[in-house]
Structures are given as structure tokens and as C-alpha cells.
Amino acid sequence: MTGLHAWRRIAAGLALGLGVVAATAFAADEPASPPATPVAAAAAPRQVLVMLRSPPAHARLDGSYGAAGYGDAARAQAQARVGARLAAEQGLTVVTLWAMPALGMDCVVLALPPDASVEASIVALQAHPEVAWAQPMNEFHAQGHLDPLYPLQPAAAQWHLDDLHAVATGRHIHVAIIDSGVDDAHPDLAQAVQARANFVDGQAWVAEQHGTAVAGLVAARADNGIGMVGIAPDALLYALRACWEVSASQTLCNSLSLAKALSFAIERRAEVINMSLSGPTDLLLGRLIDVALAHRQQVVAAVDAHAPGGGFPADHPGVIAVADDQAELPSGGLAGAWSAPARDLPTTVPGGGWRMVTGTSFAAGEVSGLLAVMDQAQAQADADNRPQPATLRLVRLPGGGIDACASLLRAAEPSPSRMAVAPGCRAVLATSGATPPRSQ
């Protein structure tokens, strides 16, 4: 069916400036294989996203709705006809259609001819009663820059990881990595990736540097005799490829690819959603983030120090924004951002190796891991006595850093009496009554 085929054709157009991976690498037995040949960058397409009003979805919020097409073919055809009519009226071209069950809407992507105005087209499209809103296809970029290699994990000392892992390791907690492709065959990640999905149209799944590095910082396995240790070494990952790398320093993705990945994470009820990227304010992504937050899912994003207010989605209300703990935001930066180690972080790279990385993209991954550890500790506490959402459970140090021990104590105790942890993190956690991770 024409309508169903259209849902599967998606144009790419978002730019992600990646946290850069340092050139020096470590390997367990042999050097890491080189990354796949990058896809050539293309100019960002002139496209608009049109959100169609739709009747209540008949399909459940699960994997059968969306990426595999509609369960309701008649509804799909009807929405395809609406999209085709809107395109014809405005002299535009239908690129793709996609179900957004988390919003109860359907998204049509329309391409503009060279002489058409994006702004004028949006105004005209929004005048139609079938249209909830229209918006440009926005571009996003991840954060980071090259730094010298330093063969230590800063969070291991700063966050007392040994002590934290004596209490919780993120077991049974799901973290969605919305990024470029994750190497799920990497020996430090093979047991961590529970599911993967590719939302990049026209490209097969490929392991890429940025997504693999973020995934390792979240959940690289511990005590396997190789590599490094993730902040939540027993967490389960959803590796959601919404972005694709075109060079060692540039990754692209677009509003729709990110929206589809967010929808997947929402439908699977991932406790933590990591978005190590930044771009312009995006209505569609903002609505989906609001749905995730309403479901008590925690959304973590990297602060862009060069963007007003820290960039989107870091500046979206309710998102846990993460900045570099060794850098200051410029005046007008994002108030309330959390800071975490962001420089010289050893982590996983495609091909089975490890390299040093630097950037707020990777700091965000560490905070996502810490939230997973806290979620397990909280789940082990009395589930009927969860007084605070995730953003309030984090305990702030002077300057915006995170007191990881106090944060875990707050998560582990239904009614914590101590919020400031003195030296001797493990002793304080032990005397608090926080329980060690349960063996399986």
C-alpha cells in the first residue's frame, strides 16, 4: 500500500557535533578495528513535520505500532491520503509518514521545493483542521572536544564507585541510549544491550563511536578482567540508533529519527533516557519528553555551553541537564544544571577496544548510569515510600557537582535523615540500612 510504504521512508537531516574520541586506544588482545567508512554528509533537507490529529489509536503502545507499520491499515491509508492532500495543496512532496502513538498523533514529513518558504508553509499547514501543529525539521549535535589521554576513570574516585556498587549496580534498570549505533558485540557491552533498534532510514545498523562510548560509560560490565567499569555495570540498555556518524567529529540525526527513538523508549518504559545531543527547541521532541516525564521516566541531556540557555533538550523543563564539572557555563547559561566528570574518560569504542573521550555528552552518560544505580537502590527500598522525583533525589555539591553517596542514600532510604555524607562513603551507606545488591 502506498500509505504504508510512505511510513517507512524517512529523510535524514539533523547535525550532531559529537563528543570526540581521543586517538589513543586500548585493546584487550588486539587493536580495535577501524570504524566503518562514514556516510557522506548531506545538506540538511528543507522539510517540515506535520502532526496530524487522529482518533484514539487501536494499537497498544508496543513495538508492533510504528516501526513495523500500523496494525490498522485503513487508518494508515486515511492518514496517508490527508498527508498527500496537504502536500498537493502546498506544492510539497510527501517524504514519509510515521505513527506517534505516545502522542496519539501521526507525523507527516513534507519536503519543500527550493523556492518555498519554510515559515510560510508552516503557517499555511497549521490552518488546516486536521493539523495539530507543523514545525521545521531541526538539527541537533552532541557535545565534546579532543583532550589528552588520561588512563583513569575520574568518577571512580569522585563518586566512590566501589562503595556505590556495594549497594546497587543498576540491576534490572533499563537505560535508553538515543544516539548513534552501539557496538553490542563489544566484550564490555555484549551482556548489557537488551534490545536495539535502528531509526535511520536507508542505512543498515552499524556500530559507531559516539553511541558506543556513551553506552560504555553507562553500563560497561564489571569484573570481567578487561576494559573499564560503567557507572551502572548491571543496567540493561536499549541501543536506539537515531543518529549516524559522517566523520570522527560529526554525527547527524533529525527531529523524526529522534522522535521515533523517544517513542520506543517511552513504550518500553525505560527508567532512564539518555540524550547526549543538543539543538534548537523542537515542539515534537518536547511533547514526547513531557510524556516520558509524566510516566516518571528520567530524561538526561548534555548541556551545550555555546547555545543560549544550554541548548535543547537540556533546557526543557524536567530534563536533567549535565555540564562539564571543570568548565563554567557562559552568562545566561542553564541554571540548575548538574555537573559531572567530562574529561579524559576511558570508555568503549567499536571493534572491542577502549579510548579516552571528553565532552558533556559523556558526562550525561555517567549521570544516566548514576540514576540507574539510584533506581535500583530505591526499588529495593519500600516502594510505597518514594517521596521525591529523580531530579530532587540528586544531592548537589557547591558548584553544581553531584554528591553520589548522598544521592544514593537518599534513594535507598524512604525517609533519609542524613543528606550530607562525610568521608567514608561505604560506612555511611552501611549504617543507613541501605541493602547490598541482590544476587541472581
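This structure is a prediction, so every number in the text was calculated from the model and none was measured.

Tallied over the full model, the rule gives three aromatic pairs. Ring centres 6.1 Å apart and planes at 50 degrees place the aromatic pair F140 and F312 in the tilted group. Note that F140 is positioned in the loop between β6 (131-136) and α4 (154-158) and F312 in the loop between β13 (298-302) and β14 (320-324), a separation of 172 residues in sequence. Among the aromatic residues, ring-to-ring pairing joins F199, Y238 and F264 into one connected group. Positioned above the aromatic ring of W98, the side-chain terminus of K260 is 4.1 Å from the ring centre. Over the face of the ring belonging to F264 we find R268, whose NZ or CZ atom lies 3.9 Å from the ring centre.

Below, the discussion takes up the confidence of the model for the protein. This prediction gives the protein a mean pLDDT of 78; 73% of its residues lie at or above 70. Contacts for the low-pLDDT stretch residues 57-71, under 50 throughout, to residues beyond four places or in other chains number 30 contacts. With pLDDT under 50 throughout, residues 436-440 is counted as low confidence; its partners more than four residues away or in other chains account for 15 contacts.

This brings us to the sheet that holds strand β7 (residues 174-179). Strand order in the open sheet made by the seven strands is β8-β9-β7-β12-β13-β14-β15, with parallel pairing throughout. In the strand order of this sheet, the two ends are held by β8 (193-198) and β15 (338-340), each with one partner. If you compare each strand with its neighbour and ignore which way they point, the axes differ by 25 degrees on average. In the sheet, β8 pairs with strand β9 (residues 236-241) via five bridges, with the strands oriented parallel.

To continue, consider the sheet that holds strand β4 (residues 93-100). Within a beta sheet, neighbouring strands are joined by backbone hydrogen bonds and run either parallel or antiparallel to one another. Spatially, β4-β5-β3-β6 is the arrangement adopted by the four strands of the open sheet, whose pairing is antiparallel. Because the sheet does not close on itself, it has two edges, and the strands there are β4 and β6. Neighbouring strand axes in the sheet, compared pairwise and without regard to direction, differ in orientation by 20 degrees on average. Bridge count for β4 against strand β5 (residues 105-111) is seven bridges, and the pairing is antiparallel. Its bridge partner being in β5, V94 is matched across the sheet by L110.

Bringing the pattern of salt bridges into the picture now. Inspection of every chain in the model, using the stated rule, returns eight salt bridges. For R393, the salt bridge identified is with D375, shortest N-O distance 2.9 Å. With R393 in helix α10 (residues 390-393) and D375 in helix α9 (residues 360-380), this pair connects stretches of sequence that are 18 residues apart. When sorted by exposure, R393 lands in the same class as D375, which is buried. A single network of salt bridges, built from pairs that share partners, joins R85, E89 and E130.

A few words now on α9. For α9, with 21 residues, the first-to-last C-alpha span of 30 Å sits near the 30 Å given by 1.5 Å per residue. Across the 21 residues that make up α9, a large majority, 20, are buried.

Another point: unusual backbone geometry. In this structure, P313 follows F312 across a cis peptide bond, with omega equal to 10 degrees. Look at H172: it is not a glycine, yet its phi comes out positive at around 70 degrees. Among the secondary structure elements, H172 is positioned in the loop between α5 (161-165) and β7. Phi at R269 takes a positive value of approximately 60 degrees, unusual for a residue other than glycine. Mapped onto the elements of the fold, R269 is located in the loop between α7 (255-267) and β12 (272-275).

It is worth spelling out the pairing of strand β16 (residues 345-349) at this point. Within β16, five of the five residues are buried, leaving the element largely enclosed by the surrounding structure. One ladder, built from five bridges, connects β16 with strand β17 (residues 353-358); its direction is antiparallel. The partner of T348 across the bridge, within β17, is W354. If you look at the hairpin formed by β16 and β17, you'll find three residues sitting between the two strands, and G351 has a positive phi there, around 95 degrees.

What counts, and where the lines are drawn
Residues numbered from 1 in each chain as written. Predicted model: local features only at pLDDT ≥ 70, side-chain atom pairs only at ≥ 80, totals over all residues. Heavy atoms only, no water. Phe/Tyr/Trp six-rings, centres within 6.5 Å; stacked < 30°, edge-to-face > 60°. Helix = DSSP H or I, 4+ residues; strand = E, 2+ residues; numbered from the N terminus. Lys NZ or Arg CZ within 6 Å of the ring centre and 35° of its normal. pLDDT = per-residue confidence, 0-100. Contact = heavy atoms within 4.5 Å. Pairing = 2+ DSSP bridges. Axes fitted to C-alpha atoms, helices over the stretch in contact; angles between N-to-C directions. Salt bridge = Lys/Arg side-chain N within 4 Å of Asp/Glu carboxyl O. Buried < 20%, exposed > 50% of the residue type's maximum accessible area, 1.4 Å probe, protein only. Expected span 1.5 Å × (residues − 1).

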